Amino acid sequence: MTAALRIGFIPLVDAAALIVAVDKGFAAAEGLEVELVREVSWSNVRDKLNIGLFDAAHLLAPVAIASSLGLGHVKVPIAAPFNLGINGNAITVSPTLHAALVEEINGDRFDPLATAKALAKVVAKRRKAGAEPLTFGMTFPFSTHNYQLRFWMAAAGVDPDEDVRLVVLPPPYMVDSLANGQVDAFCVGAPWNSVAVDLGIGHILHFVSDILDRAAEKVLAVRQVWADTHPDVVAALVRAAVKGAAFIEQPSNLAEAARILAQPERIGVDAEVIQRTLDGRLKISPDGTFRESGRYLLVGREGAGRPDPVQAAWLYAQMVRWGQTTLTPDGVKTAMAVFRPDLYDAALGQRPPAEAPAAFGAFAGPAFDPNNIRGHLEAFEVGRWKA
């Protein structure tokens, strides 16, 4: 079998398994001739996948769900047989906002509830002074970045639709927007948080793994109809991605993986910055302060590659919470059906694991139960959903 594929991606480190699978020859060994096409915006990636200009794509997990539900664009059912990344985002703030938060914080600087409460105080002071609302950049309305920012803020009573401004920016444009004062903060995937810190224009306030233990970030996405008609190609693509992830997760391979990703036609930033991400050791302030986390970005370890429909249910719940859709049994079913552990297992010739992946948890709110999304939503005071 030889299949020629065009696959779109955004220059982010969580495209690593896909890029390494192609550039190290794992895809070719599976009979795949892959052309990787670098894009700037998620709308470009979504649209080209939906109309068939791409056979597959590195895609925001919530976009795959929104496309399948017909939210915000045409309805095109998507299948996600592989998770390209768990976690990997961070919230970066300007030096001015960082100083304001530090002045107001009461408690652990790395506790997201403490920083959210500090943000609430900053927002209140600005309102009293008649200042413009703070502006936060995120990558897309249907994105984990959007939901993570909202989840964090709302835990302290900050209404993300009333108290601040959330604006959409393509990931590569985040740094310039912060440098130019167009945003006060942003939530984006690696390496762009680190680039801002290295330039001295930002402080990483939180790794998103501080906010959510295990957040499905990017998926390898294909159209459902294409998956149905090309099952052998989908299986080969999953196996290649699994091999790419396994290569990256070997510590002895990190330097080589970083060099591959650093190429101008791939991510196009310094390999040392990328390796920090893969190591989970990031410089968080211009003064050189570093912070380590083994959970910053999971590419393949801890079962990260196998799609978990519970993750899809949580993302759907956030869409409901913030008024992007309404809660229906069919909506939950459709969202969960996007994540395809069955295709992952079939590609690897394995049975479903006996144990579920690590529990899905967050720093605030009740434990998430996909069978009781209504109860989950009712636990929060801030939101846009209607019972």
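All values derive from a computational prediction rather than experimental measurement.

A. Quick look at the domain arrangement of the protein. Domain assignment breaks the protein into domain 1 (5–86 + 215–263 + 300–366) and domain 2 (89–210). Counting residues at the interface gives 29 residues for domain 1 and 29 residues for domain 2. The tally of links from domain 1 across to domain 2 stands at zero salt bridges. Applying the counting criterion to the domain 1 and domain 2 interface returns seven residue pairs in polar contact (both at pLDDT 80 or more). Secondary-structure elements contributing two or more residues to the side of domain 1 that touches domain 2 are helix H3 (42–50), helix H4 (61–69), strand S10 (216–223) and helix H14 (309–321).

B. Structural view of the environment of Gly288. Its place among the elements puts Gly288 in the loop between strand S11 (281–283) and strand S12 (290–292). Overall, the relative accessible area of 32% leaves Gly288 in the partly exposed class. Taking the C-alpha atoms as reference points, Gly288 and Ile248, 40 residues apart in sequence, are found 26 Å from one another.

C. View of unusual backbone geometry. Of note, the bond from Ala190 into Pro191 is cis; its omega dihedral lies within 30 degrees of zero at 15°. Here Pro191 shows up in the loop between strand S8 (185–189) and helix H9 (192–198). One non-glycine residue, Asn87, adopts positive backbone phi at about 65°. Within the element layout of this structure, Asn87 appears in strand S4 (residues 78–87). Of the residues examined, Asn87 reaches a relative accessible area of 1% and is grouped as buried. Here the phi dihedral of Glu302 falls at roughly 55°; this positive angle occurs in a residue that is not glycine. Within the secondary structure layout, Glu302 lies in the loop between strand S13 (297–298) and H14. On the basis of relative accessible area, Glu302 is assigned to the partly exposed category, the value being 44%.

D. Representation of the environment of Phe142. By secondary structure assignment, the location of Phe142 is in the loop between strand S6 (135–138) and helix H7 (144–154). In this view, Phe142 contacts Leu60, Pro62, Val63, Ala66, Leu71, Gly72, Tyr147, Met319 and Gln324; residues no more than four positions away in its chain are not counted.

E. The arrangement of the packing of aromatic side chains in detail. Evaluated as defined, the whole model comprises seven aromatic pairs. For the ring pair Phe151 and Trp314, a centre distance of 6.1 Å and an interplane angle of 50° mean the geometry is tilted. One end of the pair, Phe151, is in helix H7; the other, Trp314, is in helix H14, and 163 residues separate them in sequence. Residue Trp314 is classed as buried on the basis of its relative accessible area of 3%.

F. Quick look at the sheet that holds strand S9 (residues 203–207). The five strands are arranged S7-S6-S8-S5-S9 in an open sheet whose pairing can be described as mixed. The sheet terminates laterally at strand S7 (165–168) and S9, the two strands that pair on one side only. Within this sheet the neighbouring strands show an average axis-to-axis angle of 25°, counted without direction. In the sheet, S6 pairs with S8 via two bridges, with the strands oriented parallel. The residue of S8 that forms the bridge with Gly137 is Phe186.

Cut-offs and rules
- Residues numbered from 1 in each chain as written.
- Predicted model: local features only at pLDDT ≥ 70, side-chain atom pairs only at ≥ 80, totals over all residues.
- Heavy atoms only, no water.
- Domains from an automatic or database assignment.
- Contact = heavy atoms within 4.5 Å.
- Salt bridge = Lys/Arg side-chain N within 4 Å of Asp/Glu carboxyl O.
- Polar contact = N/O pair within 3.5 Å; in protein donor to acceptor, adjacent residues only side chain to side chain.
- Helix = DSSP H or I, 4+ residues; strand = E, 2+ residues; numbered from the N terminus.
- Buried < 20%, exposed > 50% of the residue type's maximum accessible area, 1.4 Å probe, protein only.
- Phe/Tyr/Trp six-rings, centres within 6.5 Å; stacked < 30°, edge-to-face > 60°.
- Pairing = 2+ DSSP bridges.
- Axes fitted to C-alpha atoms, helices over the stretch in contact; angles between N-to-C directions.

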